[in-house]
Amino acid sequence: MNRRERLENIIAILKKEYGESKVMLNYNTPFELLIAVILSAQCTDKRVNMVTKEMYKIVNTPEGFANMEVEEIEKLIKSTGFYRNKAKNIKQCSIDIIEKYDGKVPMNMDDLINLAGVGRKTANVVMGDITKEPEGIVVDTHVKRLSNRIGFVKTNNPIIIERELMKWVPKKYWFDYPNLLIRHGRAICKARKAECNKCGINEYCKKNI
Ligand code: SF4
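Everything numeric in this text was worked out from a predicted model, so none of it was measured.

Peer 1: Report on unusual backbone geometry, specifying residues and quantitative values.
Peer 2: Positive phi, normally seen in glycine, also occurs at Q42, with a value near 60°. Along the chain, Q42 falls in the loop between α2 (30–39) and α3 (45–58). Of the residues examined, Q42 reaches a relative accessible area of 67% and is grouped as exposed. Notably, K132 is not glycine yet its phi reads approximately 65°, a positive angle. In this structure, K132 sits in the loop between α8 (120–131) and α9 (141–150).

Structural data, given as structure tokens:
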């Protein structure tokens, strides 16, 4: 079986297992999602959801954040870690969105990565969940680990992993692939221990072929 066939099987099985792909961050608008993804760096989705649930009752627009002092934003997001940098980026990103994009989050890679605090990964998560058509493949710690364990790549460099995957993974899977692998990485193929005996895709994993 070639890797393309393995991929097709893995996606089909994980879709059945975990349902439709979706980020685990709660949001009502693209801007709320963007801010949640910025906050999720080095922080769990659960913690981010707790923080944004309260914060978005107070402020949830580019205008709102742009008009706040950085220190006020810091207080709201402190428990997500790296809060000084994140607060500075959230304020600047909000100003950028107002000044350059008429208050709306742009939905293409070039414009998104020009916003403060937004890299390729953040841009792909936002575009993926809003449009379901990201311009790349999100490579986080789970995608990195599982892509190696399954045998699709042989490197820990996220940039090379994304580039390698984009060469052969069909575009229609660029959203599903990372989202499903992230769920599987959290549930079964964990960092500390891969629970291969409980794994629904084990016959398509490098470990067993
Ligand atoms: S078989 Fe094991 S290593 Fe492979 S994906 Fe499943 S849990 Fe991970």
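Peer 1: Can you tell me about the side chain of E32, naming the residues and giving the values?
Peer 2: By the secondary structure assignment, E32 is in helix α2. Buried charged residue E32 carries no salt bridge. Nearest counter-charge: K22, at 11 Å. Within the local environment of E32, its side chain forms a polar contact with the side chain of N60, the two groups lying 3.0 Å apart. With near-sequence residues (within four places) excluded, E32 lies in contact with Y27, Y56 and N60.

Peer 1: With reference to specific residues and values, describe the packing of helix α5 (residues 70–77) against helix α6 (residues 83–101).
Peer 2: Packing of α5 against α6 leaves a shortest axis separation of 8 Å and a crossing angle of 125°. When the axis of α5 is compared with that of α6, the two are oblique. Between α5 and α6 lies a crossing whose hand is right-handed. Contact residues: V70, I73, E74 and I77 in α5; Y83, R84, K86, A87, K88, I90 and K91 in α6. Across the contact of α5 with α6, the residue classes tally to six nonpolar, no polar and five charged.

Peer 1: Describe the site of the ligand, naming the residues involved and giving the relevant values.
Peer 2: Lining the immediate environment of the ligand, one finds R149, C189, A194, C196, C199, I201, N202, C205 and K207. The class makeup of the residues in the shell around the ligand is six nonpolar, one polar and two charged.

Peer 1: Got a sec to walk through the nonpolar core? Specific residues and values, please.
Peer 2: Counting residues in each nonpolar core, the largest one holds 38 residues, and the members touching the most others are L34, F65 and I77. Those elements that provide at least two residues to this core are α2, α3, α5, α6, α7 (109–112) and α8. Examining the composition of this core, we find that eight residues originate from one element, α2, more than from any other. Counting 28 residues, the second-largest nonpolar core is a separate cluster that includes I150, L165, L180 and Y204.

About the thresholds
Residues numbered from 1 in each chain as written. Predicted model: local features only at pLDDT ≥ 70, side-chain atom pairs only at ≥ 80, totals over all residues. Heavy atoms only, no water. Helix = DSSP H or I, 4+ residues; strand = E, 2+ residues; numbered from the N terminus. Buried < 20%, exposed > 50% of the residue type's maximum accessible area, 1.4 Å probe, protein only. Lys, Arg positive; Asp, Glu negative; His and termini not counted. Salt bridge = Lys/Arg side-chain N within 4 Å of Asp/Glu carboxyl O. Polar contact = N/O pair within 3.5 Å; in protein donor to acceptor, adjacent residues only side chain to side chain. Contact = heavy atoms within 4.5 Å. Axes fitted to C-alpha atoms, helices over the stretch in contact; angles between N-to-C directions. Parallel < 35°, antiparallel > 145°, perpendicular 65-115°, else oblique. Left-handed = near helix turned anticlockwise from the far one by under 90°. Nonpolar A, V, L, I, M, F, W, Y, C, P; charged D, E, K, R; others polar. Near = heavy atom within 4 Å. Core = buried A, V, L, I, M, F, W, Y, C linked by side-chain atoms within 4.5 Å.

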